[in-house]
Structures are given as structure tokens and as C-alpha cells.
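Take a look at the letters that make up each chain.
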Amino acid sequence: MAVIEQSASMPGGRGKLAGDVCLVTGGGSGIGRAAALRMAAEGAASIVVAGRRAEVGEAAAAACRAAGAEALFVPADVTDEADVARLLRTTVERFGRLDVAFNNAGHQERRQPLEEQTAQTFDAVFDTNVRAVFLCLKHQLAVMLAQGGGRIVVNASVSGVRNPNPGFALYSASKAAVISLTRSAAMECAPRGVRINAVAPGRVVTDMMVTAAGGTGGLDAVAAGLPLRRMGRPEEVAEAVVWLASPESAYVVGHVLAADGGFLAA
């Protein structure tokens, strides 16, 4: 008989992630920071915030501690396998296990026609958006399979499904690869107790989105084209991430959940 998924709850713990040890890459700002804080609010016992920028990473970890979780910032470049291995080793040495991972780090090129993009830009986009996801999955799965289970959420994008915006071909292609990689990993690992899904944010107010829109003035035009007539907030995507990472979604595997204000349906 199959074992029904449960959270590694501490006695008396409450929340969707009660007692869990969680890891968030790119967790210093935007959707990553919002997800880390939501994990703390949902009872996570411990949260590891990983990223390149120490100042914002330490601030995010401090905010998680203020929300009641034990939290640690680990500086890491997730495009570098040695850094990813060290990140997972640090997590397990400090907290003993890893229950939930949110692979969130991402990079988008400057808008310009494909024929003007460079090989160096291609490498920067695919290293952060695809290589890093592969490396994180590889090392997270080694931990989770050894301990008997876990849950992983990957940050994809609606641009990996449909991209009506010229100038971001590399980002869109990388996110399509992320979706395929997520689904393949999910099918491999579901029978072995690790559940993997992706979230696909739409137009969300983050630093990367402001840059893509050409500044804050461009956000109104983007919002006007959405069915809800507004941009999304990182906190709204974080709710989807936490649900996918929780036992409440125990029968959801290999799914790409669009938190997009109706963008894909329009």
C-alpha cells in the first residue's frame, strides 16, 4: 500500500509546511524572498536562503527569523556545481535533512532581436535558467532520495509556454527547457518518493519585470493587456509555490501551475 505524503511536522506545529526544512535559491529578493517568508509563515522549522548577493540574502534570512523560522543565508552561485554541492552539504550538516526546495534563481536578457543576441548572452541565460536547475535538482535529489522523500518546486515562466513579446527569445527558450526538465525529473522521481512540480509566473512586479518593461512606467501598459488588468505580486506566486511544496498537493506531480492572472487563457 502506498504511503500518503505527510509533512515532517514537529509536535504542535501548524501550517502547510510545519516542521519542514526548506531551501530557496535566489531567495534574497522578488518571488524567492516572498516564498521564503511564506514558508516561515506556514510553519517551516528552518529555511536556507541561497544567492549571490549577501546583503539582500542576509536581510531575507533575518525576515524569516522574525517570522519564527530558524534561517540561514548561504552565499552560492547555483551555476557552479561546487557551490551547489556545498550549499546542499551545508543545509544537511546544519539541519539534518531537506524536505522542500524551491529552485527560483533566474536571468533574463536585455530585449533585442535574436540576430543581435550574442553567444555570451545565451550562455548567461541558459546557465542560470537551465544549468542551475539541473545542478540543483541533481544534488537535491541525492539528499531527498537517500532520506526517503521530499518536494521540489521549480520556477518556470509563462514565457516557456507562450511568448508574444519579441526580444526575449533566449529567456523563453530557456524556460521551455526548464519545463521539460521538470516534467522529466518528476516522472523519474515520483515512484521513489520525491514529488516535483513547477510554477509558471506571469507578469509579476519584480526587478526583472521592471527592467523588461522598460521601467516602472511600462508596467501600466503590461497590466492593461492582462485579463485581471493588474500585475501580480510576488506574494501571490509564493502562495502557489507553498501549495505545490505542501502535502495539500500530494496528488500533483509533474504539473506546471500558471500563476499568471489569466495570461495563458487569454
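Quick notes on the rules
- Residues numbered from 1 in each chain as written.
- Predicted model: local features only at pLDDT ≥ 70, side-chain atom pairs only at ≥ 80, totals over all residues.
- Heavy atoms only, no water.
- Helix = DSSP H or I, 4+ residues; strand = E, 2+ residues; numbered from the N terminus.
- Buried < 20%, exposed > 50% of the residue type's maximum accessible area, 1.4 Å probe, protein only.
- Contact = heavy atoms within 4.5 Å.
- Axes fitted to C-alpha atoms, helices over the stretch in contact; angles between N-to-C directions.
- Parallel < 35°, antiparallel > 145°, perpendicular 65-115°, else oblique.
- Left-handed = near helix turned anticlockwise from the far one by under 90°.
- Nonpolar A, V, L, I, M, F, W, Y, C, P; charged D, E, K, R; others polar.
- Pairing = 2+ DSSP bridges.
- Phe/Tyr/Trp six-rings, centres within 6.5 Å; stacked < 30°, edge-to-face > 60°.
- Lys NZ or Arg CZ within 6 Å of the ring centre and 35° of its normal.

Engineer: Kindly report on the environment of A238, identifying the contributing residues and their values.
Structural biologist: Inspection of the secondary structure puts A238 in helix 8 (residues 234-245). Taking the relative accessible area as the measure of exposure, A238 reaches 1% and is therefore buried. Aside from chain neighbours lying at most four places away, what touches A238 is A34, A35 and R38.

Engineer: Can you explain the packing of helix 4 (residues 119-147) against helix 5 (residues 169-189)? Please cite residues and give values.
Structural biologist: Running from N to C, helix 4 and helix 5 point in directions that differ by 15°, and their axes come no closer than 9 Å. It follows from the interaxial angle that helix 4 and helix 5 lie roughly parallel. Our pair here, helix 4 against helix 5, has a crossing hand that is right-handed. In this structure, helix 4 contributes T121, F122, V125, F126, N129, V130, V133, F134, L137 and L141 to the contact, and helix 5 contributes L170, Y171, A173, S174, K175, A177, V178, L181, A185 and C189. Looking at the contact of helix 4 with helix 5, its residues break down into 16 nonpolar, 3 polar and 1 charged.

Engineer: Quick one: what's the story with the sheet that holds strand 1 (residues 21-25), residue by residue and with numbers?
Structural biologist: Strand order in the open sheet made by the 7 strands is 3-2-1-4-5-6-7, with parallel pairing throughout. Of all the strands in the sheet, just strand 3 (70-75) and strand 7 (256-259) have a single pairing partner and so form its edges. Across the sheet, the mean angle from the axis of one strand to that of its neighbour is 20°, orientation sign disregarded. Contacting strand 2 (46-51) and strand 3, helix 2 (residues 54-66) runs over the sheet at an angle of about 170° to strand 3. Sitting on the sheet, helix 5 touches strand 5 (150-155), strand 6 (194-201) and strand 7, and the angle it makes with strand 6 is about 160°.

Engineer: Hey, could you go over the packing of aromatic side chains for me, with residue numbers and the actual values?
Structural biologist: The final tally for this structure, using the stated rule, is 1 aromatic pair. With a centroid separation of 4.3 Å and an interplanar angle of 15°, the aromatic rings of F122 and F126 are classed as stacked. You can see F122 and its partner F126 sitting in helix 4, 4 residues apart, about one turn around the helix. A residue is classified by how much of its surface remains accessible, and F126, at 18% relative accessible area, is buried. Sitting over the ring of F263, R162 keeps its end group 4.5 Å from the ring centre. It is R203 that lies over the ring of F263; its NZ or CZ is 4.5 Å from the centre.

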